[in-house]
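# Overview (structure and organization)
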Amino acid sequence: MSASTDGHRDLAGEFMLVYDEFDPLEEGLREALTSSGNGYFCIRGAAEWEDPGEVHYPGTYAHGIYNRLTTILAGHPVPNEDLVNLPNSSSLSLLIEGDEPIRFANIELLGYRHAYDIRHALLTRELRFRDRAGRVTGLTSRRFVSMGRMHQSAVAWELVPENWSGTVEVISSLDGRVVNRGVARYRQLEGRHLNPEGPRIYPPDVIALKARTRQSKIEIAQAARTRVYREGAEVAVARGTQQSDDYVHQTLAFEVDRGEAVTVEKMAALYTSRDRAITEPLSNAGKSAARYPTFAEAFTGHAHAWDELWGVCDVRLPSEPRVQFLLRLHISHVLQTCSRLTSHHDAGVPARGLNGEAYRGHVFWDELYVYPFLNFRLPEITRSLLMYRYRRLGEARAAAAAAGLKGAMYPWQSGSDGEEETQVIHLNPLSGRWDRDFSHNQRHVNAAIFYNVWHYCQVTHDLDFLRDHGAEMMLEIARFWSSLAHLNPDRGRWEIHGVMGPDEFHEKYPGASQGGLRNNAYTNVMVAWICETAQKVLELLPASRRSVLRAHMGLGDAEIERWREISRRMFVPFHADGIISQFEGYEQLEELDWDAYRVKHGNIQRLDRILRAEGEDPDRFKLAKQADTVMLFFLFSEDELRRLFTQLGYEYGDDLALRTIEYYDARTSHGSTLSFVTHAGVLAGIDPEQSWERFLVALESDIGDIQGGTTKEGIHLGVMAGTLDLVQRAYLGTEIRDDTLCFNPRLSDSRLAGRLDGLEVQMQFRRTPIAIRLHSGTLSVEVLADGYSGPIRVGVGGEVRELGWGEEASFMVAQAPARG
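Residues numbered from 1 in each chain as written. Predicted model: local features only at pLDDT ≥ 70, side-chain atom pairs only at ≥ 80, totals over all residues. Heavy atoms only, no water.

## Looking at the overall build of the protein
- Secondary structure assignment for the protein yields 21 helices and 35 strands.
- On C-alpha atoms alone, the protein measures out to a radius of gyration of 27 Å, which is about the 28 Å that the 2.2 N^0.38 rule sets for 820 residues.
- A principal-axis box enclosing the C-alpha atoms of the protein has dimensions of 90 × 65 × 60 Å.
- Buried positions account for 62% of the 820 residues belonging to the protein.
- Considering only residue pairs separated by 6 or more positions, the protein has 68% of its internal contacts joining residues 24 or more positions apart.
- Roughly 29100 Å² of accessible area belongs to the protein as shown, and the carbon and sulfur atoms make up 48% of that amount.
- Positive and negative side-chain charges of the protein, numbering 90 and 114 respectively, have mean locations separated by a distance of 4 Å. (Helix = DSSP H or I, 4+ residues; strand = E, 2+ residues; numbered from the N terminus. Rg over C-alpha atoms; globule rule 2.2 N^0.38 Å. Buried < 20%, exposed > 50% of the residue type's maximum accessible area, 1.4 Å probe, protein only. Contact = heavy atoms within 4.5 Å. Areas by Shrake-Rupley, 256 points an atom, 1.4 Å probe, with all protein chains shown as cover. Lys, Arg positive; Asp, Glu negative; His and termini not counted. Charge placed at Lys NZ, Arg CZ, Asp CG, Glu CD.)

Given below as structure tokens:
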């Protein structure tokens, strides 16, 4: 594998991921990393001529296409809702002189190149092969999902017979026989989500197929037009069609001459019954496929749309070429899942993107790591994604009521309609056992949603969204937490019991039969902040809206006073030495012999599975899967945390952050790669070198598949977006204070300063676009004319300036020493 360094500056070297040999053991990973998507749907980078199996896994996934099925395991019904693997529209097969279809298994590869243009999510495969008859053929395949046309995907083959002439057949198919089989540990679960609705032929060159999800009854239709060209002119071909209820193909037969190239183009359309402005999916797919332009013309529009996105999203870090390359790979994948096209749909943020089936395509809290990058560049996308939560507010209210609580209780795992989709049992692949799963108790997802809405509004000042949608969500979440909390009269403080923090290794107390913990510190501090901030939300609303909303919710003065009490008297557990306890009782747990487990197992990121396979209980030990208490130092500045703790009546010493972070850093396995992002962020101002090391691990985690096979099941979207946020938040030190966009670049460490030198990014603040450059200790901020909406305040250190249209300011950055 390489990041190519030749070619044009922006269009080739710095944007190319290249694999120079075929490796069947790596193909699943490469399929995920080289997928192509447009924020509506995504197609994995599987070779068009290969069927699904242990090596290859073609997959197509679209926002919101879920289906729920029930599997009987050990006599118990286990329901699961999955993001559905849709029919395969990319399939093309090559037959030479009537022989068997070409596959990797029946040819000798003489040359191979698998290249991915990050800038345009364009997948290219170049093969030169000898078949069993001794014929040598060159085949170049190019493929993309259009960012310019929402429903369009395209494949182009160039065939060159090098030492032969004769007849070839190309089979272009739409295959609805697909199932969800992309994650090995889910294969005991029912995975056939589609019922066939039948094929259709639109003469002379368009085939179409329709299917319907079995439970959710969503219609999916695809249509494809396949043509052959020689030197730009269409070639007459003999066509034949075969079809069944769930499959249709068209065979194109034509002559080729030695040394002369021919091109096969397959232009496909995908529609579903969830789409807007259609008559019905099948007819619209058929019309679109027939009308699509050629591959080259379609690519031009696609490239223009991507170029516009890169204009506002690119990150330039010339001092660190590898880092810059990986940041751009991550930008590409974030935009393939969350683009301007996403705003047309009822879509959330699936934790594993749209190129795999891991986590069943569900929406978790990972959006907490995704929105900061989008907020400062494409806030309209964040707004549409937050609407996914708002549309499910009714379900969240019902969940809270069913639990005997007020307000809105959003689920840990969300899918189609906002019901709790967390499984009740989970397969441990090390032991082969199905264990109980208590992770639905991760109620902190509600804190994340509140935090996301607030910070979106802080960046954008979108008071219309706050008035019409955001405030209602935030107030209902505050109400939920208030009703879950109770006053401990002995302590004179409010407490929260029966929840889990982000650390999924601790679901309950050792030996307990019920899940949940007492007073998770991260949760409790977040709730104190929420109950305070909810009061500010009310103050920001126009009086008429505030009155109507309070009446609608039945929100009285007594309840608001309860919020004030919680914001000042929430309990936070501490160890005897003053370190913040992850939860009440954590200090009494046993220490783990980390060195022994590293020697025995090597990779111990998933210590929970290792311990359970050995008959141990992870709940017994002082360990953490990922950042839990440390999340506080990631989400809040030190000044804000000191204010919060002081308001709660707790001392916040100068060394509290350092001691707490070091304590948990030594006891965290980083079983979630999000944890590397969090620890990199909190260490940026304490130990810049350690921060950078964690940053690099997070950057390399998907492309290097550091968790041993998980990336092929779907990229980790939160980690990818989190690395981008680290650049702006941890290393540029971006923060909003008093309606001012403040920067505090981390230049105290000479090595980090050298790495960041030359950094260039574009951002938006309050809808005004700005360009930020960091060079030789000087940070410059330029207000861009294109899209200007009003003056903004920018601060570095103690210096604050107001900038208007076209104005620029430069700040000398103080190089204060890192805290130690």
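## Considering helix H10 (residues 521-540)
- Helix length check: H10, at 20 residues, gives a terminal C-alpha distance of 29 Å against a target of 28 Å (1.5 Å per residue), a fit within 8%.
- Extensive coverage of H10 is indicated by the burial of 17 of its 20 residues. (Expected span 1.5 Å × (residues − 1).)

## Some remarks on the sheet that holds strand S28 (residues 735-737)
- Overall, mixed pairing links the 4 strands, which are arranged S28-S29-S33-S34 in an open sheet. Only two strands of the sheet have a single partner each, and these edge strands are S28 and strand S34 (799-803). Each strand axis lies, on average, 30 degrees off the axis of its neighbour in the sheet, ignoring direction.
- As paired elements, S28 and strand S29 (residues 740-743) share 3 bridges and run antiparallel to each other. (Pairing = 2+ DSSP bridges. Axes fitted to C-alpha atoms, helices over the stretch in contact; angles between N-to-C directions.)

## Quick word on the sheet that holds strand S13 (residues 166-175)
- An order of S8-S13-S19-S18 is seen for the 4 strands of this open sheet, with the pairing classed as antiparallel. Each end of this open sheet is capped by a strand with a single partner; those strands are strand S8 (92-96) and strand S18 (238-244). Across this sheet, the average inter-strand angle for adjacent strands is 20 degrees, counted without regard to direction.

## Topic: the packing of aromatic side chains
- Under the counting rule described, the total for this entry stands at 31 aromatic pairs.
- An angle of 65 degrees between the planes, with centres 5.1 Å apart, marks the rings of Phe 144 and Phe 295 as edge-to-face. Separated by 151 residues along the polypeptide, Phe 144 in strand S11 (residues 136-145) and Phe 295 in helix H3 (residues 295-313) bring together distant segments of the chain.
- On the basis of relative accessible area, Phe 295 is assigned to the buried category, the value being 2%.
- Geometrically, the ring pair formed by Tyr 451 and Phe 636 is edge-to-face, given 6.1 Å between the ring centres and 85 degrees between the ring planes. Taken as a pair, Tyr 451 in helix H8 (residues 444-460) and Phe 636 in the loop between helix H15 (631-635) and helix H16 (638-647) lie far apart in primary sequence, 185 residues in all. Across the pair, exposure class does not vary: Tyr 451 and Phe 636 are buried alike.
- Seen from the ring of Phe 634, Arg 729 lies directly overhead, with NZ or CZ sitting 4.5 Å from the centre. (Phe/Tyr/Trp six-rings, centres within 6.5 Å; stacked < 30°, edge-to-face > 60°. Lys NZ or Arg CZ within 6 Å of the ring centre and 35° of its normal.)

## Thoughts on the nonpolar core
- In this structure, Trp 365, Leu 374, Phe 695, Tyr 731, Phe 743 and Leu 779 are the most contacted members of the largest nonpolar core, which totals 189 residues.
- The dominant element in this core, judged by the number of residues it contributes, is H10, at 12 residues.
- Residues contacting Phe 743, with those up to four places away along its chain left out, are Leu 732, Gly 733, Thr 734, Met 763, Ile 772, Leu 779, Val 781, Val 794, Gly 795, Val 796 and Gly 797.
- Leu 94, Tyr 112, Trp 164 and Val 168 belong to the second-largest nonpolar core, a separate cluster that totals 26 residues. (Core = buried A, V, L, I, M, F, W, Y, C linked by side-chain atoms within 4.5 Å.)

## Details of the environment of Ile 792
- Position of Ile 792 relative to the elements: it lies in strand S33 (residues 792-796).
- Placed 11 residues apart in sequence, Ile 792 and Leu 803 show a C-alpha to C-alpha distance of 5.5 Å.

## Regarding empty space enclosed by the protein
- Counting across every chain of the model gives 7 cavities of 30 Å³ or more.
- The calculated volume of the largest cavity comes to roughly 90 Å³.
- For the largest cavity, the lining is made up of 13 residues, of which Asp 82, Asn 180, Tyr 186, Leu 189 and Glu 190 are closest to its centre.
- Of the residues that constitute the lining of the largest cavity, the class distribution is 3 nonpolar, 4 polar and 6 charged.
- There is about 70 Å³ of room inside the second largest cavity.
- The residue makeup of the lining of the second largest cavity, split by class, is 7 nonpolar, 4 polar and 1 charged. (1 Å grid on protein atoms, 1.4 Å probe; cavity = no way out; pocket = protein on both sides within 12 Å on 5 of 7 lines; lining within 4 Å. Points joined across faces, edges and corners; volume = space filled by probe spheres on them. Nonpolar A, V, L, I, M, F, W, Y, C, P; charged D, E, K, R; others polar.)

## Focus on the side chain of Glu 507
- By secondary structure assignment, the location of Glu 507 is in the loop between strand S26 (497-499) and strand S27 (517-518).
- Glu 507 sits in the buried class, given a relative accessible area of 8%.
- Those residues in contact with Glu 507 that sit more than four places away from it in its chain are Arg 436, Asp 437, Phe 438, Ser 439, Met 500, Gly 515, Gly 516, Arg 612 and Asp 619.

## Re the pattern of salt bridges
- This structure, assessed with the given rule, holds 73 salt bridges.
- Ionic pairing is found between Asp 468 and Arg 467, a salt bridge with its closest N-O pair at 2.8 Å.
- Classification of Asp 468 by relative accessible area gives partly exposed; the value is 31%.
- For Arg 467, a relative accessible area of 29% puts it in the partly exposed group.
- Note that Asp 725 is salt-bridged to Arg 729, the shortest N-O span being 2.6 Å. With a gap of 4 residues between them, Asp 725 and Arg 729 both fall in helix H20 (residues 717-731), about one helical turn apart. (Salt bridge = Lys/Arg side-chain N within 4 Å of Asp/Glu carboxyl O.)

## Brief notes about the environment of Val 697
- Structurally, Val 697 can be placed in helix H19 (residues 688-700).
- Taking the C-alpha atoms as reference points, Val 697 and Ala 680, separated by 17 residues in sequence, lie 9.4 Å from one another.
- When residues no more than four places from it in sequence are discounted, the contact partners of Val 697 are Phe 676 and Ile 706.

## Re a negative patch on the surface
- A contiguous patch of negative charge, built from Glu 97, Glu 231, Glu 255, Asp 257 and Glu 260, is present on the exposed surface.
- Topologically, Glu 97 is positioned in the loop between S8 and strand S9 (108-117).
- What makes Glu 97 partly exposed here is its relative accessible area of 40%. (Patch = residues over 30% accessible without salt bridge, like charges linked within 9 Å, V, L, I, M, F, W, Y side chains within 5 Å.)

## Some details on the environment of Asp 608
- With respect to the helices and strands, Asp 608 occurs in helix H14 (residues 607-613).
- Through-space distance from the C-alpha of Asp 608 to that of Leu 656 is 28 Å; in sequence the pair is 48 residues apart.
- Once you skip the residues sitting within four places of it in the chain, Asp 608 turns out to touch Phe 505 and Pro 618.

## Describing the packing of H19 against H20
- Between H19 and H20, the shortest axis-to-axis distance is 9 Å and the interhelical angle comes to 155 degrees. Relative to H20, the element H19 lies roughly antiparallel. Of the two elements, H19 crosses H20, and the hand of that crossing is left-handed. Within the contact between the two elements, H19 uses Ser 691, Trp 692, Phe 695, Ala 698 and Leu 699 and H20 uses Val 719, Thr 723, Leu 726, Val 727 and Tyr 731.
- Each residue belonging to the contact of H19 with H20 can be placed in one class, and the counts come to 8 nonpolar, 2 polar and no charged. (Parallel < 35°, antiparallel > 145°, perpendicular 65-115°, else oblique. Left-handed = near helix turned anticlockwise from the far one by under 90°.)

## Some words on H19
- Taking 1.5 Å per residue as the helical rise, H19 with its 13 residues ought to reach 18 Å, and the 18 Å between its terminal C-alpha atoms agrees with that figure.
- Those residues of H19 lying buried are Pro 688, Glu 689, Ser 691, Trp 692, Arg 694, Phe 695, Ala 698 and Leu 699.
- The secondary structure elements touched by the buried residues of H19 are helix H4 (321-337), helix H17 (656-665), helix H18 (674-683), H20 and helix H21 (750-756).

## Quick look at the pairing of S11
- Burial of S11 is extensive: 8 of the 10 residues sit out of reach of the surface.
- The sheet contact formed by strand S10 (residues 122-130) and S11 spans 8 bridges and is antiparallel. Pairing of Arg 128 across the sheet is with Gly 138, part of S11.
- Hairpin connection from S10 to S11: 5 residues lie between these consecutive antiparallel strands, with Gly 134 at a positive phi of about 85 degrees.
- Of the strand pairs in this sheet, S11 and strand S12 (residues 152-161) are connected by 9 bridges, and their pairing is antiparallel. Considered in S12, the bridge of Arg 143 is made with Val 155.

Fair warning: the whole summary comes from geometry, so function is off the table for now.
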